[in-house]
Amino acid sequence: MYFSKSFIPILKNNPTEAKIKSHQLMLRTGMIKQSSAGIYSWLPLGFKVMKKIEQIVREEQNKVGVQEILMPTIQSSDIWKESGRYDDYGEEMLRIKDRQNREMLYGPTNEELVTEIFRSSIKSYKSLPQLLYHIQWKFRDELRPRFGIMRCREFYMKDAYSFDISDDEALYSYNKFFLAYLNTFKRMDLSAIPMAADTGPIGGNLSHEFIILANTGESKIFTDKRIFNVDSSSTTIDQNSLLELRNNYEKFYAVTDEKFSKKEFEDNVNEENRLQTKGIEVGHIFYFGDKYSKSMNATVDYNGKKEFVKMGSYGIGVSRLVGAIIEAKYDDKKEIMKWPISVSPYDCCVLPIINKNDNSNLEKAVNIYNLLKKSGLDVLIDDTDENLSSKIKKFNLLGIPYQIIIGKNFNENKIEFKEIDREPIYISLEEIIKKIKDKKSN
């Protein structure tokens, strides 16, 4: 993509209405544009990041055997009345009526709808377990939407649902998602710690939030520092390995503020290992047994009788993760954003120094740009006539992790190449391509 043809409407200064770094940066770099309170249009740069996050989420769900479906954003109120949540959910639910005066709603979550799909389709326990997910827009009418996409009204979310015949089988499903979430966030270069959490309006008695540390986070967390050293890299999805993995995390105290007990914290964690800080929730998993299957009569035939299935639900805020990554990765001291290569809008950028009466550097840059694209890399070339200092400042703001600089002393065997937060090195184009591809494959 040529920068002059791209739709990246960069602002000169941080918008005054934005209070946290992710909101400031996303507005300033033209990733999003507010449509109304808590509702945003996603512009090309932000949309590319979000779609890369979505693909990582999708791949990790598929790896543990979850099947993708797509449910509508608009739901009938009937199934919510059947579950008992239509009135309980409160004013966050957007209720509407169609032209036949039928009560409808814009889905804030999908437990009811997926249960209705399951009960009309699956009749025997022999078809269990069933693990289903979709990635879809949600709407919750926040009283005070704030912090940009971090607490907005319309958001893009992966929500998954498990159906099992017994508590033991259901916990096996729960642990599959536990692993999938750890691997998902690891691929985004995030250290997301699973913490015991309150189940809230979803219900049930088992829940974990996946939290990344950030001073701007709304979640207060209390944990043992040693939890950051737990290794999940070689875990397989057999039942014993997954149970061991969860036990390895749960032997360390780690809770959100709703579950916090000062006495338990002090009794279980030595003073030098205590960490009390803030974090951002990037994922939440729940096990709630037969809460919805009983109220909605979702049963299967098991040894000649009807059994209510055991259920869990599992959410990841795909759009929220864009902001969370910024909060975790922005360098305040250097005033630099560096996207993890796995979700960066572009793999690298080419920055030629262009003289008004001499296009030779631009021609060299275009040649390198074409070779990079031919090798399978996603590249942005800055073909504007700004000076190099302005270009580097601009691309430090955009956060594309690698920069190739074409200056007056250009040498095709020793091209100036730099990671966004490091000093430049001089290597061949082949070495540049290998370095970026190696990083992408890790």
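Here, the structure is the one placed above.
What comes next is a walk through the structure. As the structure is a prediction and not an experimental result, all values here were calculated from the model. (Residues numbered from 1 in each chain as written. Predicted model: local features only at pLDDT ≥ 70, side-chain atom pairs only at ≥ 80, totals over all residues. Heavy atoms only, no water.)

### Section: the pattern of salt bridges
Next, step 1: Evaluated as defined, the whole model comprises 32 salt bridges.
Next, step 2: The shortest N-O distance in the salt bridge between Asp159 and Lys138 comes to 2.8 Å. Of this pair, Asp159 sits in strand S8 (residues 154-164) while Lys138 sits in strand S7 (residues 130-139), placing them 21 residues apart in sequence.
Next, step 3: The partner of Arg151 in a salt bridge is Glu142, and the shortest N-O contact between them spans 3.1 Å.
Next, step 4: In the salt-bridge network here, residues are joined through shared partners; they are Lys51, Glu54, Arg58 and Glu68. (Salt bridge = Lys/Arg side-chain N within 4 Å of Asp/Glu carboxyl O. Helix = DSSP H or I, 4+ residues; strand = E, 2+ residues; numbered from the N terminus.)

### Overview of the nonpolar core
Next, step 1: In this structure, Ile53 and Val322 are the most contacted members of the largest nonpolar core, which totals 81 residues.
Next, step 2: Sort the elements by how many residues they give to this core and helix H5 (residues 167-187) lands first, with ten residues.
Next, step 3: Setting aside residues no more than four positions away along its own chain, Ile53 makes contact with Met188, Val318, Leu321, Val322, Ile325 and Val343.
Next, step 4: Formed by 24 residues, the second largest nonpolar core is a distinct cluster that contains Phe286, Tyr292, Ala298 and Val300. (Core = buried A, V, L, I, M, F, W, Y, C linked by side-chain atoms within 4.5 Å. Buried < 20%, exposed > 50% of the residue type's maximum accessible area, 1.4 Å probe, protein only. Contact = heavy atoms within 4.5 Å.)

### A few points about the sheet that holds strand S4 (residues 74-76)
Next, step 1: Taking strand neighbours across the sheet as the criterion, the three strands line up as S4-S6-S5 in an open arrangement whose pairing is antiparallel. Every interior strand has two partners, whereas the edge strands, S4 and strand S5 (94-97), have only one. Adjacent strand axes in the sheet meet at a mean angle of 40 degrees when their direction is disregarded.
Next, step 2: Relative to strand S6 (residues 103-106), S4 runs antiparallel, the two being bridged by three bridges. The residue of S6 that forms the bridge with Ser76 is Met104. (Pairing = 2+ DSSP bridges. Axes fitted to C-alpha atoms, helices over the stretch in contact; angles between N-to-C directions.)

### Remarks on the packing of aromatic side chains
Next, step 1: Scanning the model with the defined rule gives 20 aromatic pairs in all.
Next, step 2: Ring plane angle 55 degrees and centroid distance 5.9 Å describe the contact between Phe3 and Phe395, whose orientation is recorded as tilted. In this pair, Phe3 sits in the segment before helix H1 (21-28) while Phe395 sits in helix H11 (residues 388-398), placing the two residues 392 residues apart along the sequence. Phe395 carries the same exposure label as Phe3, and that label is buried.
Next, step 3: For the pair Tyr402 and Phe417, a centre-to-centre distance of 5.5 Å together with 10 degrees between the ring planes defines the contact as stacked. Here Phe417 lies in strand S20 (residues 415-419) and Tyr402 lies in strand S19 (residues 402-406), a separation of 15 residues in the sequence.
Next, step 4: On the basis of relative accessibility, which here comes to 3%, the residue Tyr402 falls in the buried class.
Next, step 5: The class of Phe417 is buried, set by a relative accessible area of 1%.
Next, step 6: A connected cluster of aromatic rings, assembled from ring pairs, spans Phe178, Tyr181, Phe185, Phe210 and Tyr249. (Phe/Tyr/Trp six-rings, centres within 6.5 Å; stacked < 30°, edge-to-face > 60°.)

### Some points on unusual backbone geometry
Next, step 1: Leu128 connects to Pro129 through a cis peptide bond whose omega is 0 degrees.
Next, step 2: Positive phi, close to 65 degrees, is recorded for Phe147, a residue that is not glycine.
Next, step 3: One can find Phe147 in the loop between S7 and S8.

### Points about the environment of His208
Next, step 1: Considering the arrangement of structural elements, one finds His208 in strand S10 (residues 206-213).
Next, step 2: With relative accessibility at 4%, the residue His208 sits in the buried group.
Next, step 3: When the C-alpha atoms of His208 and Pro194 are compared, they prove to be 5.8 Å apart, with 14 residues separating the residues in sequence.
Next, step 4: One polar contact links His208 to Tyr174, side chain to side chain, over a distance of 2.7 Å.
Next, step 5: Reaching out from His208, the side chain makes a polar contact with the side chain of Glu250 at a distance of 2.9 Å. (Polar contact = N/O pair within 3.5 Å; in protein donor to acceptor, adjacent residues only side chain to side chain.)

### A word on the layout of surface pockets
Next, step 1: When its volume is computed, the largest pocket comes out at roughly 1100 Å³.
Next, step 2: In terms of lining residues, the largest pocket is bounded by 43 residues, among which Arg140, Arg151, Glu281, His284 and Arg320 are the most central.
Next, step 3: Elements that contribute at least two residues to the lining of the largest pocket include exactly S8, strand S13 (274-289), strand S16 (310-317) and helix H9 (318-329).
Next, step 4: Each residue belonging to the lining of the largest pocket can be placed in one class, and the counts come to 17 nonpolar, 13 polar and 13 charged. (1 Å grid on protein atoms, 1.4 Å probe; cavity = no way out; pocket = protein on both sides within 12 Å on 5 of 7 lines; lining within 4 Å. Points joined across faces, edges and corners; volume = space filled by probe spheres on them. Nonpolar A, V, L, I, M, F, W, Y, C, P; charged D, E, K, R; others polar.)

### Details of the packing of helix H2 (residues 44-63) against H5
Next, step 1: The geometry of H2 relative to H5 is characterised by a closest axis approach of 9 Å and an angle of 150 degrees between their N-to-C directions. Here H2 and H5 pass one another in a crossing that is right-handed. Contacts between H2 and H5 involve Ile56, Val57, Glu59, Glu60, Gln61 and Lys63 on the former and, on the latter, Phe177, Ala180, Tyr181, Asn183, Thr184 and Arg187.
Next, step 2: Residues that form the contact of H2 with H5 fall into these classes: five nonpolar, three polar and four charged. (Left-handed = near helix turned anticlockwise from the far one by under 90°.)

### Looking at the side chain of Ser162
Next, step 1: Position of Ser162 among the secondary structure elements: in strand S8.
Next, step 2: For Ser162, a relative accessible area of 0% gives the class buried.
Next, step 3: A polar side-chain atom of Ser162 sits 2.7 Å from a polar atom in the side chain of Tyr314.

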